[in-house]
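Remarks on the overall topology
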Amino acid sequence: MKRVSVIVPHNVVMATIDGPRQLFSAVNDFLAASGQPALFDVQFVGLSREVSQQDGRYTVHTDRLLKDVKKTDLIIIPALTGDITTALEANIGMNPWIVDQYNNGAEVVSLCIGAFFLANTGLLDGKKCSTHWMFGKELETRFPEVEVVEGSIITEDRGIYSSGGANSYWNLLLYLVEKYTDRRLAILASKYFAIEIDRNTQSPFTIFKGQKGHEDAQIKNVQEYIEANYQEKMSVPDLAAMFALSRRSFERRFKKATANTVVEYIQRVKIEAAKITLESERANVNEVVYSVGYTDPKAFRSTFKKITGLSPLQYRSKYSRGFLED
């Protein structure tokens, strides 16, 4: 029997504590239906028996107190909600127990922005991690020792698992079901809960807004210029000259400020504009190519798929209702 401890912190996304219990309980039912013993013993654990949520609108009853759980096999840290700093401070009392259990052989799972909670324990230092695509840069800034894997749905590193944003946690739970049981049961669970199995990237859901949480005012001016003039042809030497910078200094400062090269940033701005056009207009793909400043449709398609994980037509089919390719 695998002992699963679902942490019940303050400031939690309710679905991410109930989802694991639902899934692992369903797998137990599947096993029972085939004459096999249950595999998962799932319990809610916390610092108190009753944990108030969302200013008292909900209360979660824990099955056991952390101090009474001497040994567990799998710890699940759900997604936090609200102000991150407040949430981390409210739940810091759980950290020593999580660290002790990991050091005694337990595996640890963080769901979505539960990665901040896990990082705050120190267990992610020097390890790779996934989180919601909107919060990756903030996680890197708060915890510079953590290697955030951009856009990943599932990351595994030395007994620590993490998932991407929002409903991606279901994919991580399915991954664990397959690991602890077999592929057949994982597929059965995916069908039962109507989850697309083997989804491995958040890229189709990512909205690129530019990384402007830095203090380099001149680089911000460059970013704003790129975003306002993405339809135009622009090169690194031209931009450096326009803003009176040496090319070497320009590229170094831009990368430091935005975590992208200049070329990568230009590409991401152009592709974001193309995504919006594909979602909302009837223009065919070639028209979209030229509207965002590309002259080579093949290069555009290659870059689009690299960034979004989908071809332009696949993206349009997924997000645009009623538009047909001309």
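Let me begin by describing the structure that accompanies this report. Small disclaimer: the values here were computed from a predicted structure and weren't measured.

Bringing the side chain of Thr16 into the picture now. For Thr16, the location among the structural elements is in helix H1 (residues 15-33). At 2.7 Å, the side chain of Thr16 forms a polar contact with the backbone oxygen of Val13.

By secondary structure assignment, the location of Phe24 is in helix H1. For Phe24, a relative accessible area of 0% corresponds to the buried category. Sequence separation of Phe24 and Leu173 is 149 residues, and the distance between their C-alpha atoms is 8.4 Å. With near-sequence residues (within four places) excluded, Phe24 lies in contact with Val4, Phe40, Val42, Leu74, Ile76, Leu173 and Val177.

On to the side chain of Lys270. Tracing the sequence through the fold places Lys270 in helix H11 (residues 262-280). Buried charge without a salt bridge: Lys270, with Glu232 as the nearest opposite-charge side chain at an N-O distance of 8.4 Å. Here Val292 takes part through its backbone oxygen, which lies 2.9 Å from a polar atom of the side chain of Lys270. Apart from the residues lying within four places of it in its own chain, the contact partners of Lys270 are Tyr230, Gln231, Glu232, Val292, Gly293 and Tyr294.

Our next topic: the state of the cysteines. Here the structure, examined in full by the defined rule, presents zero disulfides. Among the cysteines around Cys112, which has no disulfide bond, Cys129 carries the closest sulfur, lying 11 Å off.

On to the packing of H11 against helix H14 (residues 312-319), then. In contact at an axis separation of 8 Å, H11 and H14 are set at 50° when each is read in the N-to-C sense. Compared by their axis directions, H11 and H14 come out oblique. Seen along the crossing, H11 lies across H14 with a hand that is right-handed. Facing Lys275, Thr277, Leu278 and Glu279 of H11, the residues of H14 in contact are Pro312, Tyr315, Arg316 and Tyr319. A breakdown of the residues in the contact of H11 with H14 according to their chemical character gives four nonpolar, one polar and three charged.

Right, let's get into the sheet that holds strand E1 (residues 2-7). Read from one edge to the other, the open sheet built from seven strands follows the order E5-E2-E1-E6-E7-E11-E10, with strand pairing classed as mixed. Only two strands of the sheet have a single partner each, and these edge strands are strand E5 (64-65) and strand E10 (154-157). Direction of pairing for E10 relative to strand E11 (residues 160-163): antiparallel, over a ladder of four bridges. When the sheet's bridge partners are listed, Glu156 is paired in E11 with Tyr161. Contacts between H1 and the sheet are confined to E1, strand E2 (40-46) and strand E6 (74-77), with E2 contributing the most and set at about 160° to the helix. Its contacts with the sheet place helix H3 (residues 95-103) against E1, E2, E6, strand E7 (107-110) and E11, and it is angled at close to 145° to E6.

A separate point is the environment of Ala26. Mapped onto the elements, Ala26 comes out in helix H1. The buried category is assigned to Ala26, whose relative accessible area is 7%. Taking C-alpha positions, Ala26 is 29 Å from Asn91, a pair spaced 65 residues apart along the chain. Those residues in contact with Ala26, other than ones at most four positions away along the chain, are Tyr192 and Phe193.

Another point: the nonpolar core. Ranked by internal contacts, the top residues of the largest apolar core, which has 33 residues, are Val4, Phe24, Val27, Leu74, Ile76 and Val109. For this core, the secondary structure elements donating two or more residues are E1, H1, E2, E6, helix H6 (169-180) and helix H7 (183-192). Per-element tally for this core: the top contributor is H6, with eight residues. Listed in part, the 32 residues of the second largest apolar core include Leu66, Met94, Trp97 and Ile160.

For the structure on display, the rule yields 14 aromatic pairs. Where Phe300 meets Phe304, the ring centres are 5.7 Å apart and the plane angle is 45°; that geometry is what we call tilted. Here Phe300 and its partner Phe304 are both found in helix H13 (residues 297-308), four residues apart, which amounts to about one turn of the helix. There is no split in this pair, since Phe300 and Phe304 are both buried. Note on Phe304 and Tyr315: the rings are 5.6 Å apart at their centroids and 80° apart in plane angle, and the pair reads as edge-to-face. Here Phe304, found in helix H13, pairs with Tyr315, found in helix H14; they are 11 residues apart in sequence, far enough to count as distant. Side by side, Phe304 and Tyr315 carry an identical accessibility label, which is buried.

Rules behind the numbers
- Residues numbered from 1 in each chain as written.
- Predicted model: local features only at pLDDT ≥ 70, side-chain atom pairs only at ≥ 80, totals over all residues.
- Heavy atoms only, no water.
- Helix = DSSP H or I, 4+ residues; strand = E, 2+ residues; numbered from the N terminus.
- Polar contact = N/O pair within 3.5 Å; in protein donor to acceptor, adjacent residues only side chain to side chain.
- Buried < 20%, exposed > 50% of the residue type's maximum accessible area, 1.4 Å probe, protein only.
- Contact = heavy atoms within 4.5 Å.
- Lys, Arg positive; Asp, Glu negative; His and termini not counted.
- Salt bridge = Lys/Arg side-chain N within 4 Å of Asp/Glu carboxyl O.
- Disulfide = S-S within 2.5 Å.
- Axes fitted to C-alpha atoms, helices over the stretch in contact; angles between N-to-C directions.
- Parallel < 35°, antiparallel > 145°, perpendicular 65-115°, else oblique.
- Left-handed = near helix turned anticlockwise from the far one by under 90°.
- Nonpolar A, V, L, I, M, F, W, Y, C, P; charged D, E, K, R; others polar.
- Pairing = 2+ DSSP bridges.
- Core = buried A, V, L, I, M, F, W, Y, C linked by side-chain atoms within 4.5 Å.
- Phe/Tyr/Trp six-rings, centres within 6.5 Å; stacked < 30°, edge-to-face > 60°.

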